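Residue-level structural notes
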Amino acid sequence: MDSRTVFVVLWMLLSSTSTGIKLDGNGYVDIVIAIGSKVPQDDTLIDNIKEMVTEGSFYLYDALDGKVYFREATILVPPEWNGTDFTKARTESFGKAKIRIDNANPFYGVEPYTKLYGECGTEGEYIHFTPEYLLNDDLIQLFGSRGRVFLHEWAHVRWGVYDEYNDKKPFYHSNGRIEATRCSKNIEGQFYEVTAAGSLQRCRIDPQTSLPTEECWFFPDRDQITNSSMMYLPGLDPVTTFCRENEHNFEAPNLQNIKCQNKATWTVIFEDSVDKDALRSLKPPETPPPPPSFQIVQRKQRVVCLILDVSGSMRGLRILQLQQAATHFLRNYINDQARVGIVTFSTFASTLSPLTTIDSDTTRENLIKLLPKVADGWTNVCLGLKQGLQVLRVDNGDVLGDELIFLTDGEATDNITDCAQSAIQSGAIIHTIAFGNNADSALPKMADKTGGIFLAPSDEITSNQLMDAFARLTLSTGDYTNEPVQLESAGITTSDWFNGTVSVDQSIGNKTSFVIIYEKSFPRVYIESPSGSIYTQTNMIHDGSLKTVTLNIPGTAEPGDWKYSIQTTTLQALTITVTSQASRDDVNPIIVKTHMNQQFSDGTKPLIVFAEVSQNYRPVINAEVWATLESETGSVHTLQLLDNGAGADASQGDGIYSRYFTQIVDGRNSLKVRVKNQDGQTRFAVQKKSGAPYVPGYVVNGVVQLNPPKPPFSEEPLEVENFTRTATGESFVVTLSGTTPPNFPPNRITDLSAEIQEDTVLLSWTAPGEDLDQGTAKSYEIRWSFDLDVLRNNFSNSRAVNTSGVSPQEAGSVEQLSFNLSFPIQNGTTLFFAVQSDDEQNAKSETSNIAQASKILPAPNPPGISNPGINLTVLVISLCAVTLVICCILALTTWAVTRRNLSAESKVALTV
């Protein structure tokens, strides 16, 4: 049986077993709600989580025509919590949970929000609720019931839909009228400003935009004639469903229209989401659904067993690399009080160490001494798996939630399907490392099905990938102050100097270590601190058997730029790995999380690289971020990831850097990301993105009832000092159906904007590439219409703009175009514009977002407004009419006064 057949058979066997949310019949199961390690224990918090999900289940059932509901949810509590009713966690972990309860993101305060990385219809990363939001009932008045808000955020994270309001553009022009950005347009309400004293006044019009000023709010009527939409205002009682096509406001300048090609939320859920096939075929259950069931689980200390391949193919350099990487893992990455065992396998399996508690550095070193040094024999994978599970069972009779780190470099000589099913169903988390080109193709699925991590490091020394792979094997609890941070991982082949700089920022510095690995002969190593102190070999630990040189910085490393210089006169490979931890228990370090949008790809859909850079959830923007992708065949591609809101990037300035990966190579591929401060320009973001909609108040019987003000959040712009980070993502597998990689058209433009100045139209957008966001497109096609629907549904037959003189720039460049139409644009006119681009093979991109622009001539001293849908033409005519009446009254008054004065003068003259 060849490796591809094994892969398919294993996948079929395990199709019913997986981690992550699933739709089982009409009920969602495997919903994991993880509480961060720094959240204080509070039984009320658990009760309120249950109440929120239960309430949300009934709202979900109503919103989707009785098709689905929440059936089962698991609440993962922190290791520090005490309780007798907590069961042992299985594959649940904080890092993979789609719903997180954690201390506030200073960017959002108590406001719930969802991290959305990808394209419309793609699952989001996670929902973030704070303990305060769940415990403070006063906040229900501001955002609506928790169950409704939960459904709003669920739609983001599960179905990849976007918000239908827009804090940046709360109002827009529509055919001479002012509209509030909302969906459905049938939502009615009034416009008011709230003064500092808490009173209401009519909204003012900004003369420059002819729109309400930024102090203006739209207050919806408490009673509405429409029941949509949950993505606009879940806090409004009449709102019970999502916008459908017949009520969708296609013109509203919100993210749902921009990102989802003006599709209604309902359409995206049923046509583009991960649940689309199931939802279309599901029929409502015969009886109303029961409340969801809950399980509360907890993961205490880590229990890990290393299962290491020592077959003949591991001889020589590979077994040495295994020793080096496992040593680094045991010294720097496995936490205190964890329990660790070591198993090796080849023709036979052996236990080198039973489970041992990490209670001192001596214990760590004793385990390191037991690591295998010799390799020989066949690759009997099942023997290794069974032996590892047996070691884990000695702990307490089961392996639930325990971890296997399974490393192999060759195809199994036994039948892996004989043991993989039982290993996966055991409840252990299985991390798999496919070391080299021949490792069994079943390894990725074993990790995927158990909540583990799959890594495929190259055995090329300078890539340093096996060291990176072991560094990736952490299991976060949400407390990043206790987790190692990798600052540097680099390598070179040279017979001269290997130089570089590592920036240590003030958020880290404890347990800082520099590990240098050499291939042949002991090099000279010099490390200089920011203040100029020089560390040489006399300050370092040299291990000749491992060919490593290690510098452990005592205490807290000095912040600033650390410079390393490594000299060799022998041509050889050299690598350096630098790790550190938080300098204080109350300050989270800057962290980097990276991954691909697909772990298994057939090449038909574009691959996207993501890297999230943040500190305590707050986005770090303007950083320099580079991704290196290396295939098992040795091809290496480097991409600069961008946070510009164009191409693969969903939103500008959110600390999520992304790029399409077009150089697709068949087989396993690894991912590494390097991040640093970009010429002193890096900052913490100060303008938050979309979160749960705050309701300023409601109109009840024609009277506005104000809600309390929204809780404040941090808007202080903070600079980020120099820092460096290196992060490794899970490996991904490409199985191309053909012999050559696919050619993709230019990416869809998502940031087209339009403006009308007198009779000139100004368009702006970010240039796409020849292949997605790489290279340079061949040409643009720009079209416009008076009617958005015409442009959306029949782009090629809409009116064309002459672009013969426009030459596209390189992907990522800012494009601007100004032109005049063939007629004068009348006051009050709204026009719609869209763009397509094509490549050298004449492959066309998808149509861009539709940009709208209105020509509104500013009125002198425009009146305030207090109602939605005010017609600007009526406003102007009314203003003119009022002015005319006033002028007539003044003229008549002047004429009357003048005549009276003249009459009085005549009488005086006659008397005289």
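1. Observations concerning the overall build of the protein chain
Helices and strands together make up the secondary structure of the protein chain, namely 16 helices and 51 strands. Relative to a compact globule of 912 residues, whose C-alpha radius of gyration would be 29 Å, the protein chain shows 32 Å and is just as compact. Reported as C-alpha extents along the three principal axes, the dimensions of the protein chain are approximately 135 × 65 × 55 Å. Evaluated residue by residue, the protein chain yields a buried proportion of 56% over its 912 residues. Taking the intrachain contacts of the protein chain between residues at least 6 apart in sequence as the baseline, contacts between residues at least 24 apart amount to 75%. Within the structure as shown, the protein chain displays about 37300 Å² of accessible surface, and the carbon and sulfur contribution to it stands at 50%. The positive charge centre, built from 73 side chains, and the negative charge centre, built from 106, are 1 Å apart in the protein chain.

2. Overview of the pattern of salt bridges
Under the counting rule described, the total for this entry stands at 36 salt bridges. One salt bridge connects K185 with E179, and the closest N-O pair in it is separated by 4.0 Å. K185 sits in the partly exposed class, given a relative accessible area of 31%. Across the pair E365 and R331 runs a salt bridge, and its minimum N-O distance is 2.9 Å. Of this pair, E365 sits in helix α10 (residues 361–369) while R331 sits in helix α9 (residues 317–333), placing them 34 residues apart in sequence. Salt bridges here are not isolated pairs; linked through shared partners, they connect R177, E179, R182 and K185.

3. Concerning the sheet that holds strand β25 (residues 497–504)
Taken in spatial order, the 4 strands line up as β25-β31-β27-β28 in an open sheet, and their pairing is antiparallel. Every interior strand has two partners, whereas the edge strands, β25 and β28 (534–535), have only one. Where β25 and strand β31 (residues 560–567) come together, 8 bridges link them in antiparallel fashion. What sits directly across from N499, in β31, is S565.

4. Comments concerning the pairing of strand β33 (residues 590–596)
Most of β33 is tucked away, with 5 of its 7 residues classed as buried. In the sheet, β33 pairs with strand β35 (residues 607–615) via 7 bridges, with the strands oriented antiparallel. If you follow T594 over to β35, its bridge partner there is A611.

5. So, the side chain of R725
Position of R725 among the secondary structure elements: in strand β44 (residues 724–734). We classify R725 as buried; its relative accessible area is 2%. Excluding anything up to four places from it in sequence, R725 contacts V485, Q486, L487, D505, S507, I508, P589, I590, V592, V673, R674 and V675.

6. Quick word on helix α2 (residues 43–63)
With 21 residues, α2 extends 30 Å from end C-alpha to end C-alpha; this agrees with the ideal 30 Å at 1.5 Å per step. In the segment just after α2, D65 is the residue with positive phi, at about 55 degrees.

7. Remarks on the nonpolar core
Looking at soluble globular proteins, one finds that nonpolar side chains tend to be buried together. Y28, I35, F129, W159 and F242 are the most contacted members of the largest nonpolar core, which totals 74 residues. Core analysis: the second largest hydrophobic core is formed by 51 residues, V613, A623, A685 and V734 among them.

8. Structural notes on empty space enclosed by the protein
All chains considered together, the criterion is met by 3 cavities of 30 Å³ or more. Its boundaries defined by the atoms lining it, the second largest cavity holds a volume of some 110 Å³. Around the second largest cavity, the lining comprises 18 residues; the ones closest to its centre are N644, A646, G647, D773 and G812. Counted by class, the lining of the second largest cavity contains 7 nonpolar, 7 polar and 4 charged residues.

9. Quick look at the sheet that holds strand β6 (residues 87–88)
Within the open sheet, the 7 strands sit side by side as β6-β17-β5-β3-β7-β9-β8. Their pairing is mixed. Each edge of the open sheet carries a strand with a single partner, namely β6 and β8 (113–115). With 3 bridges joining them, β8 and strand β9 (residues 126–129) adopt antiparallel strand pairing. Each bridged residue has a counterpart across the sheet, and for T114 the counterpart in β9 is I127.

10. Structural notes on the state of the cysteines
Counted by the stated rule, this structure contains 4 disulfides. The side chain of C203 participates in a disulfide bridge whose partner is C216; the two sulfur atoms lie 2.0 Å from each other. What sets the handedness of the C203 and C216 disulfide is the S-S torsion sign, and at about 85 degrees it is right-handed. Of this pair, C203 sits in the loop between β13 (200–201) and β14 (205–206) while C216 sits in strand β16 (residues 216–220), and the two are 13 residues apart along the sequence. Neither residue differs from the other here; C203 and C216 are each classed as buried. The side chain of C382 participates in a disulfide bridge whose partner is C419; the two sulfur atoms lie 2.1 Å from each other.

11. Side note on the packing of aromatic side chains
To describe a pair of aromatic rings, you give the distance between the ring centres and the angle between the ring planes. Overall, the coordinates contain 30 aromatic pairs when judged by the stated rule. On the basis of an interplanar angle of 45 degrees and a centroid distance of 6.3 Å, the ring pair of F150 and W154 is categorised as tilted. Note that F150 and W154 are positioned in helix α5 (residues 146–159) at a spacing of 4 residues, about one turn of the helix. Judged by its relative accessible area of 1%, F150 is buried. For W154, a relative accessible area of 0% corresponds to the buried category.

12. Points about the pairing of strand β49 (residues 814–820)
Alternating residues of β49 divide into E815, L817 and F819, all buried, and V814, Q816, S818 and N820, none buried. In terms of strand pairing, strand β46 (residues 760–766) meets β49 through 7 bridges, oriented antiparallel. Each bridged residue has a counterpart across the sheet, and for T766 the counterpart in β49 is V814.

Definitions and limits used
Residues numbered from 1 in each chain as written. Predicted model: local features only at pLDDT ≥ 70, side-chain atom pairs only at ≥ 80, totals over all residues. Heavy atoms only, no water. Helix = DSSP H or I, 4+ residues; strand = E, 2+ residues; numbered from the N terminus. Rg over C-alpha atoms; globule rule 2.2 N^0.38 Å. Buried < 20%, exposed > 50% of the residue type's maximum accessible area, 1.4 Å probe, protein only. Contact = heavy atoms within 4.5 Å. Areas by Shrake-Rupley, 256 points an atom, 1.4 Å probe, with all protein chains shown as cover. Lys, Arg positive; Asp, Glu negative; His and termini not counted. Charge placed at Lys NZ, Arg CZ, Asp CG, Glu CD. Salt bridge = Lys/Arg side-chain N within 4 Å of Asp/Glu carboxyl O. Pairing = 2+ DSSP bridges. Expected span 1.5 Å × (residues − 1). Core = buried A, V, L, I, M, F, W, Y, C linked by side-chain atoms within 4.5 Å. 1 Å grid on protein atoms, 1.4 Å probe; cavity = no way out; pocket = protein on both sides within 12 Å on 5 of 7 lines; lining within 4 Å. Points joined across faces, edges and corners; volume = space filled by probe spheres on them. Nonpolar A, V, L, I, M, F, W, Y, C, P; charged D, E, K, R; others polar. Disulfide = S-S within 2.5 Å. Phe/Tyr/Trp six-rings, centres within 6.5 Å; stacked < 30°, edge-to-face > 60°.

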